[in-house]
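One letter stands for each residue in the lines below.
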Amino acid sequence: SSNSRDESLRDKRTQILSRGLPKQKPLEGVKQVLVMASGKGGVGKSTTAVNIALALAANDSTKEVGLLDADVYGPSIPKMMNLKGNPELTSKNLMRPLKNYGIACISMGFLIEDTAPVVWRGLMVMSAVEKLLRQVDWGQLDYLVIDMPPGTGDVQLSISQNIPITGAVIISTPQDVALLDAHKGAEMFRKVHVPVLGLIQNMSVFRCPKCKHETHIFGADGVRNLAKTLGLDILGDIPLHVNIRETCDTGQPVVISQPQSDAAKAYLKIAKEIVRRLPVPRD
């Protein structure tokens, strides 16, 4: 019958498509992988990834945390984590992450000069990402936080299909333009079967340091409304604060340098919300 023919064609198509996807292979020694993503650039994703990694470690000193900078074209983790130099190689020719504030870090920024542009086509980028993922001796990590490049392109797909990801966190400002791209990002993760743990509303409110008046520069509840549309949780709000920018620019992120500040408390609270939504890792 035509129905059974259709079913058999569908089955064949599914088989062919699944053959084309790489087999997901866990990263040795890494229990859980968290990706920090945004559809759009300039929404504070790397700053958030750095402070969340530090907050995960600050909330539970028994946990080992790593940070992978997957933004090949614009690596900013070395500056924010105050790290410089080339990773040493182990006897197995694996890179040893550079470490600061107790966080193990790997970034393309350690392998190229600060001002050198990365002028590469897709295949070279994919090869670099593969190296950053697979040719690193992470030791034993409870959490590996991956700072994704902005967008929904090859790098995001490749990472999502190559390694098992425990959960994705979408970062956006409340601005309409950013929300459109954040929506696309969330849908991409759903398509590749990566659980989206929730959204972070970044740069949510600016408080004047002199008169304390609060202004919603990018709009008030954009990310909250998007979360409702997508049926996702809001993990927290991070204010637009000069301290957050300054501390990252000087390589002393706010969670480490000003742990009692409202900004640091916002990151610590969000890190708790993330952990609450993670499955219990198998040893």
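Now for a look at the structure at hand. The shown structure was predicted, so the numbers you read here are calculated from the model rather than taken from an experiment.

Notes on the sheet that holds strand S1 (residues 30-37)
The strand order S3-S4-S2-S5-S1-S6-S7-S10 describes an open sheet built from eight strands, whose pairing is mixed. A strand with exactly one partner marks an edge of an open sheet, and here the two such strands are strand S3 (98-100) and strand S10 (234-238). Taken pair by pair, the neighbouring strands of this sheet meet at an average axis angle of 25 degrees, ignoring direction. Its contacts with the sheet put helix H10 (residues 262-276) on S1, strand S5 (141-147), strand S6 (167-172), strand S7 (196-202) and S10, and the angle it makes with S10 is roughly 170 degrees.

Looking at unusual backbone geometry
When glycine is set aside, most residues are seen to have a negative phi, and most peptide bonds are trans. Notably, asparagine 82 is not glycine yet its phi reads approximately 55 degrees, a positive angle. With respect to the helices and strands, asparagine 82 occurs in the loop between helix H3 (77-80) and S3. Since its relative accessible area comes to 49%, asparagine 82 is described here as partly exposed. Despite not being glycine, asparagine 93 has its phi angle at roughly 65 degrees, a positive value. When you line up the elements, asparagine 93 lands in the loop between H3 and S3.

With respect to the packing of helix H2 (residues 45-59) against H10
Between H2 and H10, the shortest axis-to-axis distance is 8 Å and the interhelical angle comes to 75 degrees. Relative to H10, the element H2 is oriented roughly perpendicular. Across the interface between the two elements, Thr47, Thr48, Asn51, Ile52, Ala55, Leu56, Ala58 and Asn59 from H2 touch Tyr267, Leu268, Ile270, Ala271, Lys272, Ile274 and Val275 from H10. Its residues assigned to classes, the contact of H2 with H10 comprises ten nonpolar, four polar and one charged.

What to know about the pattern of salt bridges
Pairing of side chains with opposite charge becomes possible as their charged atoms draw close. Scanning all chains against the criterion turns up seven salt bridges. A salt bridge links glutamate 64 to lysine 99, with the shortest nitrogen-to-oxygen separation between them at 3.9 Å. Of this pair, glutamate 64 sits in the loop between H2 and strand S2 (65-69) while lysine 99 sits in strand S3, and the two are 35 residues apart along the sequence. Under the relative-accessibility criterion, lysine 99 is labelled exposed at 53%. Glutamate 88 is the salt-bridge partner of arginine 96, the closest N and O atoms lying 3.7 Å from each other. Linked by salt bridges that have partners in common, Asp233, Glu273, Arg276 and Arg277 make up one network.

Parameters at a glance
- Residues numbered from 1 in each chain as written.
- Predicted model: local features only at pLDDT ≥ 70, side-chain atom pairs only at ≥ 80, totals over all residues.
- Heavy atoms only, no water.
- Pairing = 2+ DSSP bridges.
- Helix = DSSP H or I, 4+ residues; strand = E, 2+ residues; numbered from the N terminus.
- Axes fitted to C-alpha atoms, helices over the stretch in contact; angles between N-to-C directions.
- Contact = heavy atoms within 4.5 Å.
- Buried < 20%, exposed > 50% of the residue type's maximum accessible area, 1.4 Å probe, protein only.
- Parallel < 35°, antiparallel > 145°, perpendicular 65-115°, else oblique.
- Nonpolar A, V, L, I, M, F, W, Y, C, P; charged D, E, K, R; others polar.
- Salt bridge = Lys/Arg side-chain N within 4 Å of Asp/Glu carboxyl O.

Distances and angles like these do not, on their own, reveal function.
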